[in-house]
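Results of the structural survey
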Amino acid sequence: MKLKLLVSLLFIGSVLSSFAQGYKDGVEYVKIGQLQKGKTLLDRNLNNAGTDKSASYYYLGRIEMEQGNVAAAKDYFQKGVQANSLNAYNHVGLAFIDLKGGNEKVAKDAFKEAVKLDKKNADVYVEVARAYYLTDATKYAKEIDEYIVKAKKANKKDPAAYIFEGDMLTAEKKWGDAAGYYEMAQQFDPNCSEAYVKYANTYFNVSPKSAIERLETLVKLKPNSALAQNQLAEKLYENDQWTKAAQVYGEYIKNPNHFKEDRERYAVLLYFGEKYQESFDIAQGILKDNSNSFLMKRMLFLNSAAMNNNEAAEAYARDFFASATANDKFSSNDYTTFGEVLKALGKTEEALAQYEKAVEINPEKIELLKELSSAYGANKDYEKSALYYQKYIDNGDYKTNDLYVLAGKYQNIVATEKEDLAKRQAALDNALKYIDIVIEKVPDDYRIVQRKARILMVSEDSPKTGKALEAYQAVLNILDKDAANLTQNADAYKEVYNYIAGNKLENGDTAGAKEYYTKYLELDPTNEALRKFVEGLK
């Protein structure tokens, strides 16, 4: 019984602790400039036990002021005064409205009265300085400096003034100087979330490692802070540390102050971390609450494809594509993945259509042209296979080996086109053009010259013509430069010997044919069919 009571008390204490942090998380989001997230959390936690309503109303009002909604801001500040008339912040907020409205004298007096309510709170003075700054930083430069000095006089170890000075430097894009002020704020208050986050945001482009380490420190200091967890996860994600980002997101989404969109991000990170089933399960859970989530429908499809559940992947993909609205955008990966699924299910023609769409939607991703070429090649549509590989080459960003591959694709057309002789000749011309370029760049690789020989061989109507004879002789010359090739590349030798022997036989040179067939048999002594054929030659 005592154990149950203890567990219950611990659970209740944990929940109350999370809720108490709840409105504070909202305040922290406002302070780092993420106003919409701040508003969401402040609204969500407004009526929770432990929430300081007066403080919440002030920051809700400040959000509205920064977004230009003066009437809404005034309403919040007035509610804040009603909730606690001794809270100086809401009086500062109302004075801010007067200042923005041009009632400079009224505002000045109101600011003075407001700070009297909390004379030793440096942050109140900073909020006055901020009001002047947001109204007209140039016009009120003197007042801004005056209140920064007063803030430091009230409490020189309060981080608020240093953070505000860092903010002004950030606005001027003086990143290094700004980071220095944020670092000073951390030294004065090692638990100041705002200082850690702003330092990380400012310094991330200079040193991602330092920025991430600073946020890791903050998470250790404030393990219940949704802001700390969120910002660390985001920076890990931006730094392409997806596995670690997924781990932090996994902890973050347990926090009651996480955002729904963060669960979606977590599902995506798990997918990229190859934790497909976990990603699938989270996506399915989100879709129960939001059946129209375009991103999560994509995750069901992609995860199913990654797990080779092709029939399920096809069904999810069709629903994903069909349910998209005008604002939803497909990626080339959506189409290529669907193409792979359809190909695996034997729906080749439909698969090829998906590859076409991938190229259409992202023509700048030229690697897609190679994928489409391979897909058509696998379907024995050699003309389109060559067409798309040619488009890839024409883009200009290719390697010498790509020309070798393209020559082979034109070779396939030469070998299979029997009716349109003009098309066949054009393919032959292209095949020889590209393989000659490669031979010129890499003259001593027998495999490249061998491809030229094969191109010429498949273009022959009869071996008698010997179109490939010179090329095969060139292959032999390269191979003979190294005696080890006789064993290491025996198949290449046999191909050469077989062609030369066949050509000699077709042209009535039986003795010459026997000579090369004998060479072949020396490399393949167990080939009894060839041996009997040679013995029968007269």
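Above this note sits the structure.
Heads up: these notes are all about the structure in this document.

**Looking at the packing of aromatic side chains**
- Within this structure, the stated rule accounts for 36 aromatic pairs.
- With 5.3 Å between their ring centres and 65° between their planes, Y271 and F272 make a pair best called edge-to-face.
- An aromatic cluster of at least three residues, connected via ring pairs, comprises F294, F301, F320, F321, F330, Y335 and F338.
- Across the ring face of F204, the terminal group of K235 is positioned such that the distance to the ring centre comes to 5.5 Å.
- Residue placement shows R451 over the ring face of Y404; its charged tip is 4.1 Å from the ring centre.

**Details of unusual backbone geometry**
- At E274, a position not held by glycine, the phi torsion is positive, near 65°.
- Classification of E274 by relative accessible area gives exposed; the value is 57%.
- A positive phi angle, close to 60°, is found at N308, a residue other than glycine.
- Its place among the elements puts N308 in the loop between α17 (294–306) and α18 (310–322).
- Taking relative accessible area as the criterion, N308 reaches 58% and is therefore assigned exposed.

**Here's the deal with the environment of K423**
- With respect to the secondary-structure elements, K423 resides in helix α24 (residues 421–441).
- Judged by relative accessible area, which is 30%, K423 ranks as partly exposed.
- Sequence separation between K423 and I413 is 10 residues, and the spatial gap between their C-alpha atoms is 8.4 Å.
- Other than its neighbours up to four places away in sequence, K423 contacts E383 and E417.

**A closer look at helix α11 (residues 193–203)**
- A large share of α11 lies buried, amounting to 9 of its 11 residues.
- Where α11 is concerned, the buried positions are S193, E194, A195, Y196, V197, K198, Y199, A200 and T202.

**Remarks on helix α13 (residues 226–238)**
- End to end, α13 covers 18 Å across 13 residues, agreeing with the expected 18 Å (1.5 Å per residue, within 8%).
- The element α13 is extensively covered by neighbouring structure, given that 11 of its 13 residues are classed as buried.
- Three or more residues of α13 are buried, namely A226, L227, A228, Q229, N230, Q231, L232, A233, E234, K235 and L236.
- Just beyond α13, the residue with positive phi is D240, at close to 65°.

**A few points about the packing of helix α3 (residues 53–66) against helix α4 (residues 70–83)**
- Between α3 and α4, whose axes approach to 8 Å, the crossing angle comes to 165°. With respect to their mutual orientation, α3 and α4 come out roughly antiparallel. In this structure, α3 meets α4 at a crossing whose hand is left-handed. The residues of α4 that touch α3, namely those facing K53, S54, Y57, Y58, L60, G61, R62, E64 and M65, are V70, A72, A73, Y76, F77, K79, G80 and A83.
- Taken together, the residues of the contact of α3 with α4 sort by class into 10 nonpolar, 3 polar and 4 charged.

Basis of the calculations
- Every chain is numbered on its own, with residues counted from 1 as its sequence reads.
- The predicted nature of this model means local features are confined to residues of pLDDT at least 70 and side-chain atom pairs, given and counted, to a pLDDT of 80 or more, with totals for whole chains, interfaces and linings taken over all residues.
- Water and hydrogen atoms play no part in the side-chain values, which are based on all heavy atoms of the structure.
- In this analysis, rings of Phe, Tyr and Trp, with Trp reduced to its six-membered ring, are considered paired at centre separations within 6.5 Å, and the interplanar angle assigns stacked below 30 degrees, edge-to-face beyond 60, and tilted for intermediate values.
- The criterion for a charge sitting over a ring is simple: Lys NZ or Arg CZ within 6 Å of the ring centre, and within 35 degrees of the ring normal.
- Residue exposure (1.4 Å probe, protein chains only): buried if accessible area is under 20% of the type maximum, exposed if over 50%, otherwise partly exposed.
- Secondary structure counts use DSSP, requiring at least four H or I residues in a row for a helix and at least two E residues in a row for a strand, with both numbered from the N terminus.
- Contacts are assigned to residue pairs with any non-hydrogen atoms lying within 4.5 Å of each other.
- In this analysis, the expected span of each helix is defined as 1.5 Å times one less than the number of residues it contains.
- Structural elements are reduced to axes, namely lines fitted to C-alpha atoms, with helices fitted over the stretch in contact, and the angle between N-to-C directions of any two is expressed from 0 to 180 degrees.
- For this classification, under 35 degrees means roughly parallel, over 145 means roughly antiparallel, 65 to 115 means roughly perpendicular, and everything else is oblique.
- Two helices that cross are described as forming a left-handed crossing if the nearer one is turned anticlockwise from the farther one by less than a right angle, and a right-handed crossing if clockwise.
- Gly falls in the polar group here, along with every residue not listed as nonpolar (Ala, Val, Leu, Ile, Met, Phe, Trp, Tyr, Cys, Pro) or charged (Asp, Glu, Lys, Arg).

Such coordinate-based values are descriptive only and should not be taken to indicate function.
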